[in-house]
Every structure is written in structure tokens, then in C-alpha cells.
Amino acid sequence: MPDEVLPDEALFTAVMNPASRADPYPLYARLRERPVARQHDGSYVVSTHAAIRALLFDPRLSSEDLPPFKRPPTGNPIRDWILNPIRSRIATAHRPLIFRDPPDHDSLRAAVMREFTIPRVQGLRPRIAREVDALLDACRGRGRVCLVEDLSYPLPVSVICELLGVPESDEPRFQSWATQLATALEPDARHDVETRRRTVAAFDAISDYMRGLIREKRRRPVGDMLSGLATLRPNGLKPMSDFDLIATAILLLVAGHETTVNLITNAMLALLRHPKELERLRADPERAPRLIEEVLRYEPPVHFRTRKALGAITLAGETIPKGAPIILLFAAANRDPARFDDPDRFDPDRPDIEHFGFGGGLHYCVGAPLARIEAEIALVALSRRLVAPRLMQDPPPYRPGASLRGPEQLAIGIDGIA
Amino acid sequence: MTPEPAGIVVVGASLAGLRGAEALRRGGYDGPLTLVGAEPHRPYDRPPLSKHVLAGALEADATRLPELTSLRARWRLGSAAVALDRAARTVRLADGSVLAYDKLLVATGAQARPWPAETGGDLAGIHTLRGRDDARTLRTALVAGPRHVLIVGAGLIGCEAASCLRDLGLPVTLADPHPAPLANSFGTFVGGVIAGCLRDAGAVFRPGTQVKAFEGDAAGRVVRARLADGSALEADLVIAALGAVRATGWLRRADLMADPGGLTCDAACRARAADGTACPDIYAAGDVARWPIPLYEGRLVCVEHWGNAVEQASHAARNMLAGPGDQRPYTHLPAFWSSQFGINIKLVGLTAGADSVAVVQGSRASRRFLAVYGQAGRSIAALSFDQARWLPAYAGAILAGAAFPPILDATDQPRIERADPGFSPSRASASAPRPVEVFHA
């Protein structure tokens, strides 16, 4: 269906359509015409910078993925358990902090932040640089680099494994689990019975794996993050439950697998489409940080996340009713002309770059500093070591995800590896 | 030959004076600009003084404020303004010099209310904490290892100092006439949370305690405080945290509406003459300015907070450069923060006049909560303990005059119960200026 005849209420369905993956931005521009746009399934897409900013700090915005109470909660946990057995069972199952609200979210996040420290992340720089060099060395003698499988995917995986303390030799086992769990983050995943079944199976498998690993870390803690989380005794707080620990470990592992890959690939794609910028980076590696920030604005690794309205929220002339799903379309806000001059232009030198590339509010990406460092080191190495790089296919094929959006493959023709 | 224009004189070289001067330059003012400061220092930041500087984490001298715009100003530091002659349009300084002005910005701020000399205020070992030199002196005294520190006044400065001193491992007693700390700012309902923090930190809080006088030894050093009930508290170091008096002494004979409670302004930040008319050439901003706040029915307030100093000074500067027909009213939602006992505390709005309070997110027991104050069914202020991320939503509700409580169905929302905020009934009179006059010296 041509865009211009699409009704406003069907725009997000069109975004979900794989045919829109390579260039969803014209749809986003239409969505921004109504900052809060009701869709035919009753969800609300929020797409302007100002509206998303306001919502991120609205206390009625919830990330809880729990079904509603069948009967009103009494405040007494035992009574609630009896009155709402199914909900209560889900509430105590493995749910990572991206699906939790305060106050539980806050204590889980605080525990992660105690381990995910800037010195620990900065300390990984030499390790990341070595890994990048080794991955590029392996491409010697070839006329092309397949960026996703040669670098963008294996780099963050090996880094997150090292950080968490997951043996990299086990990686082939959980690669497919991670991919399956990332699929579950897409809004259409729940409708499909087969997807749900496979997600549950992947979740069970990865949970069993993590349970074993955590048991080992408890017995013999080493210097990694999982050991830290498993043996954490926060001041006056109770230690993390096994449920929470497993959910947190899985979250970090999946996030390490499925997001930074897009950042690196999107950045290289943008550079190959703007060869002057690639040339400037090669001449001046100090440009890398601002370049990465512009990629996070221009082609963010995560395009949207969903939330729920705990109460009616009036915003930009629209009232989102209690209980309605809300889609925060970060990638559209990043191109909001009301916020950014000439937003569709890739310009690392823009002075104003306050993007939602890592989300925002209380669920702002905990891995942001790590992702920035990985992308920075990878891009500088790519700009210096790929000889005469050129894009083989434009647009490249995309992975199916509309939220975790990025190329499936990025074939780059080269004359050699320097 | 036309005489050289006198230009703009800014009296007061702290946050409001500096930001006001910068706003004048940013607004296109190109004429002569003079900044007068009583202290010899270039403008510095005060919030760290009662926190990082006392704790020894920051040198007092490292608090200098960044100068964000090229000022091209004449600095007259270390010589206070002592008199204003409105007819001649001159300001006289303590060193005898006289500065002419075309327009004047009064930003002299406030000073720590001193302990009266006749009841022991001049004994060695009694400190106030307002300026950089105060902080340096007090820090030196703390490092010397006092045996009993007594803080008089459990307001923001008193509580921040108590928190810092306990972190340093010093024995601290905090005495206040109210039943709870921070009772004037937040009421006892919330103040009780800070009482718990003080207890957990190992400080002794003495509610309902009136200090009458300090007594010294033969060398003139403070040794004890005499209380209203006749008993005594040992103390070899005292911090008198009694609030502030506005530095208006130099305006005494200027025929303005000025007293230790502030310099009264109109809605456009113009100083009012004693007869009530607004002076077209004298503006005021920051702690010293007493202005009608539109959000709270035009009640006259001094908002002694960092954000107001910045915003009001910029606003006054804008009006100083605008024509008489383009004087815009100053609208501002007051806000301040404090950090103590590891908690980030933030308030938006004014709690004065609140008849109810409710915890709307979190809980007092966890010391992470958001409380909203209401007056006659309307939300007038919101207070965060470690929950500042939600404040913008509540600030929006207060600006919109939302009903109390303003936001329902929030995350981590308990059953909302209205409570008595616990402000002392004499609060209005307690906050009125006492007849202690302090001059801008």
C-alpha cells in the first residue's frame, strides 16, 4: 500500500512490515504529525522529541509486563496470591529489570550499576582493541568483509562474555537462545503461538545454563560481573534472589548480543554512504566519539520500546487511557525537525545531539558506556585498516526486527586489510 | 561634548550579580558595567560550602563560578556598598569611593544571622556558614578535632553540616526549638525522616531545645550552651545555623521598601520606593529581592535558592534593557536541592500555607519517596527524597494548579493518605524578620 493512502491508525503496522525495514523514516515523519497517535489496536505511538521526553519522566509510565489483576489487589501478598494466582506466579518468575517498575527496578538496577562501573568498562579498552585487530586480521586475503559476521556480532559477544564471566567456548550454545529472546522483544512476538513456544524453550534453556554458572560463581567467585552480582551483599539490603540474578544475567547477555551489533553496523553503513566522513575519521580518530553520537541519533540500534499507561495520561492534545500500550518511537524523535536542524542529514558536527539512542528515563541503557567504547574502537580500526572499502549492496538486507533494527549482513568490498 | 554614560552598576558579586551581568551582555548591553562585591573573591558557588568543602573533598578556593560570557566589566571587589543616593544616582563604597549609575541591579544577597554578642556571640569557637571564608575557617576548626560540636538550628544548613560532620566521625548534637529537623521547610511529617537519618548516623538531635546563651572560659573560648530550661550542653565548637538576613543595611537611607526581610520589588523586579512606586532604574534579584510571586497569589516572598538567583537575575537584566512599555513579570516556580545522609532532596514549589501532605510514590520508611503538599485542595509543592526523576511531572501539575494529590496511578504508589504536614502554627511569625539588623559589610 502506498504511504499516502495509509490511514494514520495503520502507520505502525506499516512500520512493523519487513518491507519498511531499510527506510522507516518516511513513516516516522508521518507519525510525528500527531505526536501521540492512536493505532487501530488501541496502542499509542509517541514519536516527537518533546512528547517522549515528557512521558519518560511521567510516573504513570510502566514497564511491567504483568497481566492486570483479575481482582483488585488488597496489599496483602498472601491474599493477593489466593485471589490472583496466575498473575502472582508470573510476578515471581524471572523478569529482568527492563520489565520492572520502581521500587524493584531501582534495587536491581543499583546492583547492576555497582558492578557495571566506568573503571571496569574503561579497563576493557586494550582487550577490545586486541579483539578488533584479531577479527580484522582474520579477514586478510579476502576481497570482501561481511561486517556482521566478521566483526559487529563477534566483538560485543566476546566482550560481554568476558565482562560477565561466561566462558566463550559456550557461546555457540546460547547464540540461538539470545537471538530467540531478542525476537520476543518485538511487539508482534506475543501474537504468534509458535514464536511464544520457542521463546519459552529458549528461556528455559538459557535459565538452566545460567543457574549452573551462577552456582559455580558462588562456589568460586572470580573478578567478573556475575561473581560480583552472585556474591553481592548491598548495604543493609537483601541479596538478589536467584530468580532476579538469572534474569539479570540473561538480560545483560542478550543485550550484549543483540544491540551493539546494530550500532557498529549502522555506523559503518552511514560512513560508507558518506565517504567524506569515513575519510575524516581515518585522518582524525578523535572524531570517533561525536561520530558515534550522531549514529545513535541518525540510525539508533533500538528504534522503539513499549510501555503501559498505569493511569490516563493527557499529552499533546490526546488522552492515553489507563492500561493502553504505549510505543516510544525513539528513532522518530531522533529525527524530529522541531528538535534538530535538518534532522535527516548525517552530520557528526551538529552542536545539538541530545538523542534517544540509548532510550531515556529510568531505563536508560546500562551498557551505554561499553557500547560507545566498542563502537569507537571498531570504527577507528575499520577506517584505518579496510583498504578502499565500498558498499556491495545498498540497502543491505535487514534483520526482521523493527525495534532492534539493523542489517542482517553488510558486504564491504575491499582491496585488502592494512 | 556629551558626558560619558555612567552605565550599569551591579551591587553584589555572587551568583545573582554574576549571572545578571552576563545576561546584560548577552542581551546586547555594550556600555560600562561595574560589579561591586563586599568580599575580595571573584564570584563563587555556595552550595558546595556546606557539603564538599566541610567534608574536605573540595578546597574552599575551588568553588569559583565559571564566567559564561565575556563580561568586559570593572570589578570593585573587597569594598562593600554602604549607601545609595537615588537622587544623585550614586553608590558609595566602604573605601569612600562613589560610583555613578544609570541603572542599578541590587544583588547583595543575604548574610548568616549571627548569634548576638551580648549572649556569647563573640566567643571563639562559634561559627556561621555562609561564605567561602566561613567554610575555610570552619573546616580548619573541624580538622583540629573538636570534642563536642553543637549545631544550633536544624534547617538545611544545620542538617547538611550535621551529615558532613558525622561522615567525618565528629560527635554532633543538633538543637532546634521545633519537634523535628527541617520543620520550617518541610513540616514534621517529613522532618521525622531526617530525624531518623540523624539517629542512624549517630548524631544527637535535641528537639524542643532553646539555646539562650553561650558561656566561655577565661580565654574567651566557648565551653557550653545555656538552655532555656537552665540546663547546659557542653560544646567546644558551635555552628550557629539560624538562617539568613537580607543584606539591605546599605539601603537604609535610600527611601526604599527595604528592611532585613528584603528589598521589595514589583512583578518586573523593579525596586519599590517607600511610597510604593516602582523605581525605573533600580532592579533587584536573588536572595535580597522580595517579590510578588504570581503562582502563589502574588504573595511577597524572598526565594533564597540557587535557581532563583540565576533566573531572576537574567529576568531583571532583560527588563533593565527593555523599554518601560515592555517590562515582563517574573514568573518562577521555586525549587531547591540539598544533599545529606546520602539522600538527594529536592523541592519544587512553596510549602508555606500547606494544610495537607501525602506520600504519592515510595515510602517514608524506605527514605525514597515523593510527597506532595496541598492547600485548600490544590497541589502547591512536591518534595523528593531520591526520586527527583519524577519531579518534572509534579512541577507541571503545580504550574497547572492541579488538584491535590495531582497524579494518581503512578508506579510505586502507596494508598494515598492525606496527613497533617506538621508546620508549627507560629511559622508565619517565626519567618518574619527579627529585629536584628546586619549591614552589607
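Residues numbered from 1 in each chain as written. Chains lettered and ligands numbered in written order. Predicted model: local features only at pLDDT ≥ 70, side-chain atom pairs only at ≥ 80, totals over all residues. Heavy atoms only, no water.

Draft legend 1. Main features of the overall build of chain A. Counting secondary structure elements, chain A contains 19 helices and 12 strands. Taken over the C-alpha trace, chain A has a radius of gyration of 22 Å; the compact-globule value for 418 residues is 22 Å, and the two agree within 12%. Each principal axis of the C-alpha distribution contributes one length, and for chain A these read about 70 × 60 × 40 Å. Counting the 418 residues in chain A, one finds 56% classified as buried. Here the analysis covers contacts within chain A between residues at least 6 apart in sequence; of these, 72% occur between residues at least 24 apart. As displayed, chain A has an accessible area near 18100 Å², and 56% of this comes from carbon and sulfur atoms. If you average the places of the 57 positive and of the 56 negative side-chain charges in chain A, the two averages end up 5 Å apart. (Helix = DSSP H or I, 4+ residues; strand = E, 2+ residues; numbered from the N terminus. Rg over C-alpha atoms; globule rule 2.2 N^0.38 Å. Buried < 20%, exposed > 50% of the residue type's maximum accessible area, 1.4 Å probe, protein only. Contact = heavy atoms within 4.5 Å. Areas by Shrake-Rupley, 256 points an atom, 1.4 Å probe, with all protein chains shown as cover. Lys, Arg positive; Asp, Glu negative; His and termini not counted. Charge placed at Lys NZ, Arg CZ, Asp CG, Glu CD.)

Draft legend 2. Quick look at empty space enclosed by the protein. On inspection of all chains with the given rule, the structure shows one cavity of 30 Å³ or more. When its volume is computed, the largest cavity comes out at roughly 50 Å³. Contributing to the lining of the largest cavity are A:Leu56, A:Asp58, A:Leu61, A:Ser62, A:Ser63, A:Asp101, A:Pro102, A:Arg307, A:Leu362, A:His363 and B:Trp390. Of the residues in the lining of the largest cavity, the class split is five nonpolar, three polar and three charged. (1 Å grid on protein atoms, 1.4 Å probe; cavity = no way out; pocket = protein on both sides within 12 Å on 5 of 7 lines; lining within 4 Å. Points joined across faces, edges and corners; volume = space filled by probe spheres on them. Nonpolar A, V, L, I, M, F, W, Y, C, P; charged D, E, K, R; others polar.)

Draft legend 3. Broad picture of the UniProt feature "domain: Reductase C-terminal" (unreviewed entry) in chain B. According to UniProt, the positions carrying the feature "domain: Reductase C-terminal" (unreviewed entry) are residues 336-402 of chain B. From the first C-alpha to the last, residues 336-402 of chain B spans 21 Å; its make-up is 13% helix and 54% strand. (UniProt positions renumbered as here; feature names shortened; annotations may be inferred.)

Draft legend 4. Highlighting the sheet that holds strand S13 (residues 211-216) of chain B. All names here are of chain B. Taken together, the three strands give an open sheet; going across it, the order is S13-S14-S15, and neighbouring strands pair in antiparallel fashion. Only two strands of the sheet have a single partner each, and these edge strands are S13 and strand S15 (232-234). Neighbour-to-neighbour, the strand axes of this sheet turn through a mean angle of 25°, independent of strand direction. Pairing of S13 with strand S14 (residues 222-227) involves five bridges; the strand directions are antiparallel. The residue bridging Glu215 from the neighbouring strand is Arg224, located in S14. (Pairing = 2+ DSSP bridges. Axes fitted to C-alpha atoms, helices over the stretch in contact; angles between N-to-C directions.)

Draft legend 5. The arrangement of the pattern of salt bridges in detail. Taken as a whole and judged by the stated rule, the model has 65 salt bridges over all chains. Among the salt bridges present, the one from A:Asp342 reaches A:Arg345, with a minimum N-O distance of 2.8 Å. On the basis of relative accessibility, which here comes to 45%, the residue A:Asp342 falls in the partly exposed class. Here B:Glu160 makes a salt bridge to B:Lys51, at a shortest N to O gap of 3.2 Å. Highlighted residues: B:Glu160 in helix H4 (residues 156-167) and B:Lys51 in the loop between strand S2 (33-37) and helix H2 (52-55), separated in sequence by 109 residues. Within the structure, one salt-bridge network assembled from shared partners comprises A:Glu277, A:Arg280, A:Arg287, A:Arg290 and A:Asp349. (Salt bridge = Lys/Arg side-chain N within 4 Å of Asp/Glu carboxyl O.)

Draft legend 6. Structural context of the UniProt feature "domain: FAD/NAD(P)-binding" (unreviewed entry) in chain B. Under the present numbering, the feature "domain: FAD/NAD(P)-binding" (unreviewed entry) in UniProt falls on residues 8-313 of chain B. Between the first and last C-alpha atoms of residues 8-313 of chain B the distance is 14 Å; the span itself is 22% helix and 29% strand.

Draft legend 7. Spatial organisation of the interface of chain B and chain A. Residue-level contacts link 13 residues of chain B with 15 residues of chain A. Interface area, chain B with chain A, both sides summed: about 1200 Å², of which 61% is carbon and sulfur. The interface formed by chain B and chain A contains three salt bridges. Between A:Lys322 and B:Asp409 there is a salt bridge; the shortest N-O distance is 3.2 Å. (Buried area = accessible area lost by both parts, 1.4 Å probe.)

Draft legend 8. Inspection of the side chain of B:His315 at higher detail. Residues and elements named next belong to chain B. By secondary structure assignment, the location of His315 is in helix H7 (residues 306-321). Given a relative accessible area of 17%, His315 falls into the buried group. In this structure the side chain of His315 is engaged in a polar contact, spanning 3.3 Å, whose partner is the backbone oxygen of Pro329. For His315, the residues in contact, after removing those within four places along its chain, are Cys269, Arg328, Pro329 and Tyr330. (Polar contact = N/O pair within 3.5 Å; in protein donor to acceptor, adjacent residues only side chain to side chain.)

Draft legend 9. Structural view of the nonpolar core. If you look at the biggest cluster of nonpolar residues, it comprises 120 residues, and the most contacted ones within it are B:Leu84, B:Leu104 and B:Tyr373. Counting 89 residues, the second-largest nonpolar core is a separate cluster that includes A:Val159, A:Leu181, A:Leu245 and A:Leu272. (Core = buried A, V, L, I, M, F, W, Y, C linked by side-chain atoms within 4.5 Å.)

Draft legend 10. How the structure looks around the packing of aromatic side chains. Residues and elements named next belong to chain A. In this structure the tally under the stated criterion is 13 aromatic pairs over all chains. Consider the rings of Phe12 and Phe304, whose centres lie 5.1 Å apart with planes at 75°: the pair is edge-to-face. Of this pair, Phe12 sits in helix H1 (residues 11-16) while Phe304 sits in the loop between helix H17 (288-298) and strand S5 (305-309), and the two are 292 residues apart along the sequence. One exposure class covers both Phe12 and Phe304, and it is buried. Ring centres 5.2 Å apart and planes at 55° place the aromatic pair Tyr298 and Phe346 in the tilted group. With Tyr298 in helix H17 and Phe346 in the loop between helix H18 (330-333) and helix H19 (368-385), this pair connects stretches of sequence that are 48 residues apart. Phe346 gets classed as buried once you look at its relative accessible area, which sits at 5%. Chaining the aromatic ring pairs together yields one cluster made of Phe174, Trp177 and Tyr209. (Phe/Tyr/Trp six-rings, centres within 6.5 Å; stacked < 30°, edge-to-face > 60°.)

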